[in-house]
Amino acid sequence: MRAHNLNFDWQYQPDFKEEYLLKDFDDKDFAKVNIPHTNLELPYNNFAESSYQFVSTYRKNITVTKEMLEKRLVLEFEGAAVFSEVFINGKFAFSHKGAYTKFGQEVNEFLEVGENVIAVKLDSTEREEIPPFGGVVDYLVYGGIYREVYLYEYEQNYIKMLHVHTEDVLTRKPKAIATVYLNQPAAGKDLTVWITDKAGAAIASQTITLGEDTTVSCKFDTPDIKLWDCENPNLYTITAKLENEKRSDRFGYREAVFKRKGFYLNGKLTKIRGLNRHQSFPYVGNAMPASAQIADADLCKFKLGLNLARTSHYPNSKHFLNRCDEIGLLVFTEIPGWQFVSKLPEWRQLVLQDVEDMIQTDYNHPSIILWGVRINESGDDGELYTKTNKLARELDPSRQTGGVRVIPFSQFLEDVYTTNDFTHSGKKPALLPKTINGGIGKPYLVTEHNGHMFPTKTYDYEGKRQSQALRHARVLDTAYRKNGTSGAIGWCMSDYNTHKDFGSGDKICYHGVTDMFRCNKMAAWTYASQSNDKPFLECSSNFEIGDHAGGKVGDVYFFTNVETIKVYKNDEYINTIDVKKACKKSKYKHLPHPIISFDDLIGNQLEVKEGFSKSKANRIKKFISLIFKHGTFGAIIRKPITAAISAMSMGITGITDIFGRYASTWGSEQNNYRFEGLIGDEVVASCQKGSINKKVLVVKPDTLKLNEGNTYDVARVEVNITSQYGNVLPYESGTLTVSADSGLEIIGPKNFAVIGGQRAFWVKTTGQTGNFKVTVESEELGTQTITFNVTKN
Ligand code: GAL
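Residues numbered from 1 in each chain as written. Predicted model: local features only at pLDDT ≥ 70, side-chain atom pairs only at ≥ 80, totals over all residues. Heavy atoms only, no water.

K.L.:
Please give an account of the overall build of the chain that cites residues and values.
P.N.:
Of the regular secondary structure elements, the chain holds 11 helices and 48 strands. A globule of 793 residues ought to have a C-alpha radius of gyration of about 28 Å, and the chain, at 29 Å, matches this closely. Each principal axis of the C-alpha distribution contributes one length, and for the chain these read about 100 × 60 × 50 Å. Per-residue burial over the chain gives 60% buried out of 793 residues. Long-range pairs, those at least 24 residues apart, make up 69% of the contacts in the chain with a sequence separation of at least 6. When the 96 positive and 96 negative side-chain charges of the chain are each reduced to one mean point, those points stand 8 Å apart. (Helix = DSSP H or I, 4+ residues; strand = E, 2+ residues; numbered from the N terminus. Rg over C-alpha atoms; globule rule 2.2 N^0.38 Å. Buried < 20%, exposed > 50% of the residue type's maximum accessible area, 1.4 Å probe, protein only. Contact = heavy atoms within 4.5 Å. Lys, Arg positive; Asp, Glu negative; His and termini not counted. Charge placed at Lys NZ, Arg CZ, Asp CG, Glu CD.)

This is the structure in structure tokens:
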């Protein structure tokens, strides 16, 4: 097999006329574009979603040789939205309805030796016969040929598909079962199938002389394998070879099963801690190449410390899934749809087609542990969902089915009761009991929580950002506490553009734990602090009394996975917090790393500086901390006796004076807390909070290396405006101008304001190689330049 890359040099026109399909139509006035392509670049927010819903035309010239035409040529589109009609040399070749699954076929009969023209009439309107359309949808489908395109050159006999799953992996006789699908019978020929390990060494091999069947299965006994799991995502490669034709794919040995007691990965009860991911990005919607998909998987696993991502609400790019396989991030994937189930026969047929395409395409990913075969949050439709479940089980008996519901006791035709639970309102309880929600006696997984219940922006005031973080923590804590709940998948990874019926009126749902640019909100810390992979320490407050109603700062928390925190106030050591002890008092104690309160703002200061006895110091500082949190009146109500004793021993003026000097630190030269996080004796993380006296521009590229391979490449550059302590300034809105050397392009606007002190932009390769500079300029904070190295292969 040879793949001809068709991702560069398309001609694009944002409308359609019949004549555009003709081979000799002169398309010189069309725009030159590369794939992935969005049919219209959108603003960040405040736009009409009708703007990208139109019919457009893509044309691509390809040269076909005589030798190529002697082979079997398969044209394949990995994703185009929404209705694609493909013409070759003016003749209709094939069509596809649906934005999220690949499509294509053999096209020899349409091609000729020499120049050929592929033309795609792409309808990006919301056609009612195609899921998810027909009702309202809380996301945008966008338009464009937004995933890759290839022309594959095969021999006359070739391998159309290669599936592999594993069995008995927890016994001493683990097996791999491969199924090879041929394009036609190849009787008498030899088919060899083998498995190699990471080092490329063959661990098993079989040769079969083919008969008339086009589907061939073989079982491998592979005794000494290493399991695939989240910590050690060991991958193997399966290869099938028929004469000169070869097809390979990666897979992993693992057993993933939901039971009544919870989710078991390789026999080990594993709590799922996940987030939902929409695949959209600012400006270009879904049209982002491999590296951006990979970066999202890395964001989930390494920055947010998750063990699962749900590809809400449609199959995601192969690059995202491949990366999940590589890094050990579990995936719950599902068919396209949103709440609405149509009565149109074609729509319903497309649902079944989506089930089939999703499973056939993504079968080998060890990361996928569940097929979602119900339209997200739809009501019951026994007729349709009996079929989707049956089809999924026939196509892949090795995986369970789920189907995300939101109505308690709705019809259960799947293997796992996957349910959204938006009942948490900031107060207890955080999740419905399984019994009340219809999940009793069933494998049970909470697939969404929070989200629209508490939209939060990066520039919301501290209390609100903290509240979002704690709401996620409360639900997660409950999911950890409840035996029989497999885990919880929060809504959602990142903010996203949406339709007018949803979001904050500017076409954005601010439901993410990161914003649309993948920059953190405080809620990201809830997740990041749960992983053991790297030390994490953040404090919820910047201790600005004036940011809080009535000057009451409220509870302050640490998000951390360290063992000890040393506290310094204005650079003087004041206290050491034993995290384990603090965890015992935490309201989130079921989490792997409970979120703990910062109760003692004063530490040893009253003893050291005022000469108070320990008991007097403790009493007074408890009271002072309460005033800091809840105001004087709130403190008195909460602890009237402490208040009375404190007042008697020090007088009101004395307390006010102590409060001023040790808690609010009003009028002092500086007012900051520095926290050092230790594991053993080693400081492994730190953060510092306090008033700003200097703004800093921080430019953080995710990478400085770009590579043009099968498509152009992109890199994300995050820009923060921080305080001198490195904390993003949430109310900062300074403007920036970004520019790039000719070898790179900036995606989206070149002049923009930071949003809540942060933002990111993506640079994109243009076909040139070498070193190229990107400059970020702020009138106020100066200019910074970074240099990217672009290669090509
Ligand atoms: C759910 C839905 C999601 C998203 C979320 C917002 O009902 O499944 O797609 O809209 O609400 O919280």
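There's plenty left to go through after this.
K.L.:
Could you give me a rundown of unusual backbone geometry, with the residues and numbers involved?
P.N.:
Note: most peptide bonds trans; most residues except glycine with negative phi. In this chain, I35 is followed by P36 through a cis amide linkage whose omega measures 5 degrees. Note on placement: P36 falls in the loop between β3 (31-33) and β4 (55-64). The peptide bond linking P131 to P132 adopts the cis configuration, its omega dihedral lying at 15 degrees. One can find P132 in the loop between β10 (114-123) and β11 (144-145). Its identity is not glycine, yet N89 carries a phi of approximately 50 degrees, on the positive side. With respect to the helices, strands and loops of the structure, N89 is situated in the loop between β7 (83-88) and β8 (91-97). Residue N89 is classed as buried on the basis of its relative accessible area of 16%. The backbone of N266 shows a phi angle near 55 degrees, a positive value even though the residue is not glycine.

K.L.:
Can you break down the environment of P131 residue by residue, with the values?
P.N.:
Topologically, P131 is positioned in the loop between β10 and β11. A relative accessible area of 4% means that P131 is categorised as buried. C-alpha separation for the pair P131 and D296, spaced 165 residues apart in sequence, amounts to 25 Å. Contacts of P131, omitting those with residues within four sequence positions, involve P336, W347, L350, V351 and D354.

K.L.:
Would you mind going over the nonpolar core in detail, with residue names and values included?
P.N.:
Judged by nonpolar contacts, the single largest core of 57 residues is most densely connected at L304, F559 and I595. Setting aside its immediate chain neighbours within four residues, L304 contacts L275, L299, M493, V513, A524, Y527 and A528. (Core = buried A, V, L, I, M, F, W, Y, C linked by side-chain atoms within 4.5 Å.)

K.L.:
Explain the side chain of N39 to me, using residue names and the numbers behind them.
P.N.:
Inspection of the secondary structure puts N39 in the loop between β3 and β4. Setting aside chain neighbours within four positions, we find N39 in contact with Y12, Y52, F54, S56, Y58, S124, G143 and G144.

K.L.:
Talk me through the site of the ligand; I want residue IDs and the actual numbers.
P.N.:
Taken together, the neighbourhood of the ligand is formed by 13 residues, with D138, H313, W338, E377 and H452 sitting nearest. Take E377: an N or O atom from its side chain is 2.5 Å from an oxygen atom of the ligand. Taking H452, its side chain carries an N or O atom lying 2.6 Å from an oxygen atom of the ligand. Here the ligand has 310 Å² of accessible area as a free molecule, and 96% of this is covered by the chains. Taken together, the residues of the shell around the ligand break down into 4 nonpolar, 6 polar and 3 charged. (Near = heavy atom within 4 Å. Polar contact = N/O pair within 3.5 Å; in protein donor to acceptor, adjacent residues only side chain to side chain. Areas by Shrake-Rupley, 256 points an atom, 1.4 Å probe, with all protein chains shown as cover. Nonpolar A, V, L, I, M, F, W, Y, C, P; charged D, E, K, R; others polar.)

K.L.:
Requested: an account of the pairing of strand β23 (residues 272-276), with residues and values cited.
P.N.:
Counting buried positions over the 5 residues of β23 gives 5, a clear majority of the element. In β23, alternate side chains face the same way, and those of I272, G274 and N276 on one face and R273 and L275 on the other are all buried. For β23 and strand β30 (residues 487-490), the ladder comprises 4 bridges, and the chain directions are parallel. What sits directly across from G274, in β30, is I489. This β-α-β element, β23 to helix α2 (residues 290-303) to strand β24 (residues 308-310), shows right-handed connectivity. (Pairing = 2+ DSSP bridges. Right-handed = clockwise from strand over helix to strand, strands pointing away.)

K.L.:
Explain a positive patch on the surface to me, using residue names and the numbers behind them.
P.N.:
Taken together, the side chains of K428, R481, K587 and K589 define a basic patch exposed on the protein surface. Considering the arrangement of structural elements, one finds K428 in the loop between β28 (417-420) and β29 (444-448). (Patch = residues over 30% accessible without salt bridge, like charges linked within 9 Å, V, L, I, M, F, W, Y side chains within 5 Å. Salt bridge = Lys/Arg side-chain N within 4 Å of Asp/Glu carboxyl O.)

K.L.:
Mind laying out the side chain of T196, listing which residues take part and the relevant values?
P.N.:
Structurally, T196 can be placed in strand β15 (residues 190-196). Discounting chain neighbours no more than four positions away, the residues touching T196 are A201, A202, I203, Y236 and T237.

K.L.:
Could you give an account of the packing of aromatic side chains, naming the residues involved and the relevant values?
P.N.:
Any two aromatic rings considered together are summarised by their centre-to-centre distance and by the angle between their planes. In the structure shown here, the tally under the stated rule is 41 aromatic pairs. With 5.6 Å between their ring centres and 50 degrees between their planes, F25 and F30 make a pair best called tilted. Through a chain of ring-to-ring contacts, three or more aromatic side chains come together here, namely W10, Y12, Y58, F77, F94 and F103. Sitting above the plane of the Y417 ring, R405 keeps its charged end 4.5 Å from the centroid. (Phe/Tyr/Trp six-rings, centres within 6.5 Å; stacked < 30°, edge-to-face > 60°. Lys NZ or Arg CZ within 6 Å of the ring centre and 35° of its normal.)

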